[in-house]
Amino acid sequence: MSVAAGSSIGKTGGESLETWNNEPKKGATWLRRGRVPGEPGLWILIFGDMALFLLLFGGFMIERAKEVDLFRRCSDTLHLNIGLVNTVILLTSSIAVALAVRAVRIKTKTWGPIFAWLALLCGLAFLFNKYLEWGDLIRGGIIPTTNNFYLWYFIMTGVHLAHVLIGTCVLVYILRLTRRAHLDQAVSIAGLECGASYWHMVDLLWVILFPLLYLMR
Amino acid sequence: MGAIVRSGVSVVYLVLVVMTAVSWSAASQGFTGTFVIMTVGFGKAFLIGLFFMELLHAPRVLQGLLGLWCVACWAGILAFYMAG
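Focus: a nonpolar patch on the surface
Residue and element names in this part refer to chain A.
Now for step 1: Nonpolar side chains collect at one region of the surface, where Trp 117, Leu 121 and Leu 124 lie side by side and expose about 300 Å² of accessible area between them.
Now for step 2: Within the element layout of this structure, Trp 117 appears in helix 4 (residues 111-139).
Now for step 3: Given a relative accessible area of 42%, Trp 117 falls into the partly exposed group.

Structure (structure tokens):
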């Protein structure tokens, strides 16, 4: 018995986890054809979050336009190498999550938990790097109230950090699901996809924050 | 493991890492550098959305929202950069 696209429960043994119904549903318009990863409600959350960051980006750039030299000088004080390493860390965690989902789908059960662990370790590494980076700035006397650049820096990276903290819990959930798949227990594929999409959003937001804060001159 | 790793997302990952290196190398080049890093940045975001978030095969509405977000942010950031 194949699991219908978008259904919640699928057993790992003897059933196709990746059912792909590319045939348009009755009445489906050109806009609505295709398969929604996870659950539709998740995408309201994801695009809502992205809209929030759109506003933060806009606010940052408006303030930057008022004090360009200040923002350029302060950007030079940030730890570029830590930002670069964090970018690669989050990209690696994202591919690990994608491969964990793929491992569960094609029923190579051993590798699901392994990739999930890799993703989780990358998430923890990002948190540790952020602790080092912020700690160094604060010990150097740089705090959110130092000037407008650092205010926006700490706000944007702080909001992103909150998403990373939530995302780390999501990665634990993903790990749990991959372990269930490894043990041939029922797995919520939609739940797995929801968790994965949320973590990819965290990565997507950082790949914009990094050039905006660290690279823009 | 080969069956898992040999997939489009693995290629996309390598492309994303290379794009990261490109934007890092363009960091101190004025407007041209800013244009490059932001275009590369939103290109990466779009690839993450299409391939990692699996929107490539999702309804056009979701793809459109992703594209709209990327274009709106990219254009807004560059517009405010030029105004500064």
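This is not the end of the story, as more comes after the structure.
Considering the nonpolar core
Now for step 1: Membership of the largest hydrophobic core comes to 96 residues, with the highest contact counts inside it found for Phe 57 of chain A together with Trp 69 of chain B.
Now for step 2: With residues up to four places along the chain from it excluded, the contact list for Phe 57 of chain A reads Met 156, Ile 208, Leu 209 and Leu 212 of chain A together with Trp 69, Cys 73 and Ile 77 of chain B.

Side note on the interface of chain A and chain B
Now for step 1: Between chain A and chain B, the residue contacts involve 51 residues of the former and 45 residues of the latter.
Now for step 2: Between chain A and chain B lies a buried interface of about 4,300 Å² when both sides are counted; carbon and sulfur atoms form 78% of it.
Now for step 3: For chain A, the biggest contributors to the area lost against chain B are Phe 47, Leu 91 and Leu 215 of chain A; these three give 13% of the whole.
Now for step 4: For the interface between chain A and chain B, the tally reads one salt bridge.

Points about empty space enclosed by the protein
Where empty space is left in the structure can be found by rolling a water-sized probe over the atoms.
All names here are of chain A.
Now for step 1: This structure, assessed with the given rule, holds two cavities of 30 Å³ or more.
Now for step 2: Taken as a whole, the second largest cavity holds about 30 Å³ of empty space.
Now for step 3: If you trace the second largest cavity, you find it lined by Phe 60, Arg 64, Phe 71, Arg 72, Ser 75, Phe 149, Leu 212 and Met 216.
Now for step 4: Within the residue set of the lining of the second largest cavity, elements represented by two or more residues are helix 1 (40-66) and helix 2 (68-76).
Now for step 5: Among the elements that make up the lining of the second largest cavity, the one with the highest residue count is helix 2 (three residues).
Now for step 6: Class assignment for the residues of the lining of the second largest cavity results in five nonpolar, one polar and two charged.

Considerations on the packing of helix 3 (residues 80-105) of chain A against helix 3 (residues 30-52) of chain B
Now for step 1: Interhelical geometry of helix 3 of chain A versus helix 3 of chain B gives an angle of 15 degrees and a closest axis separation of 12 Å. With respect to each other, helix 3 of chain A and helix 3 of chain B are oriented roughly parallel. Every pair of crossing elements has a handedness; the one defined by helix 3 of chain A and helix 3 of chain B is left-handed. Residues Thr 87, Leu 91, Ser 94 and Ile 95 of chain A of helix 3 of chain A touch helix 3 of chain B, and the partners they reach there are Lys 44, Ile 48 and Phe 52 of chain B.
Now for step 2: Taken together, the residues of the contact of helix 3 of chain A with helix 3 of chain B break down into four nonpolar, two polar and one charged.

Criteria and cut-off values
Residues numbered from 1 in each chain as written. Chains lettered and ligands numbered in written order. Predicted model: local features only at pLDDT ≥ 70, side-chain atom pairs only at ≥ 80, totals over all residues. Heavy atoms only, no water. Patch = residues over 30% accessible without salt bridge, like charges linked within 9 Å, V, L, I, M, F, W, Y side chains within 5 Å. Areas by Shrake-Rupley, 256 points an atom, 1.4 Å probe, with all protein chains shown as cover. Salt bridge = Lys/Arg side-chain N within 4 Å of Asp/Glu carboxyl O. Helix = DSSP H or I, 4+ residues; strand = E, 2+ residues; numbered from the N terminus. Buried < 20%, exposed > 50% of the residue type's maximum accessible area, 1.4 Å probe, protein only. Core = buried A, V, L, I, M, F, W, Y, C linked by side-chain atoms within 4.5 Å. Contact = heavy atoms within 4.5 Å. Buried area = accessible area lost by both parts, 1.4 Å probe. 1 Å grid on protein atoms, 1.4 Å probe; cavity = no way out; pocket = protein on both sides within 12 Å on 5 of 7 lines; lining within 4 Å. Points joined across faces, edges and corners; volume = space filled by probe spheres on them. Nonpolar A, V, L, I, M, F, W, Y, C, P; charged D, E, K, R; others polar. Axes fitted to C-alpha atoms, helices over the stretch in contact; angles between N-to-C directions. Parallel < 35°, antiparallel > 145°, perpendicular 65-115°, else oblique. Left-handed = near helix turned anticlockwise from the far one by under 90°.

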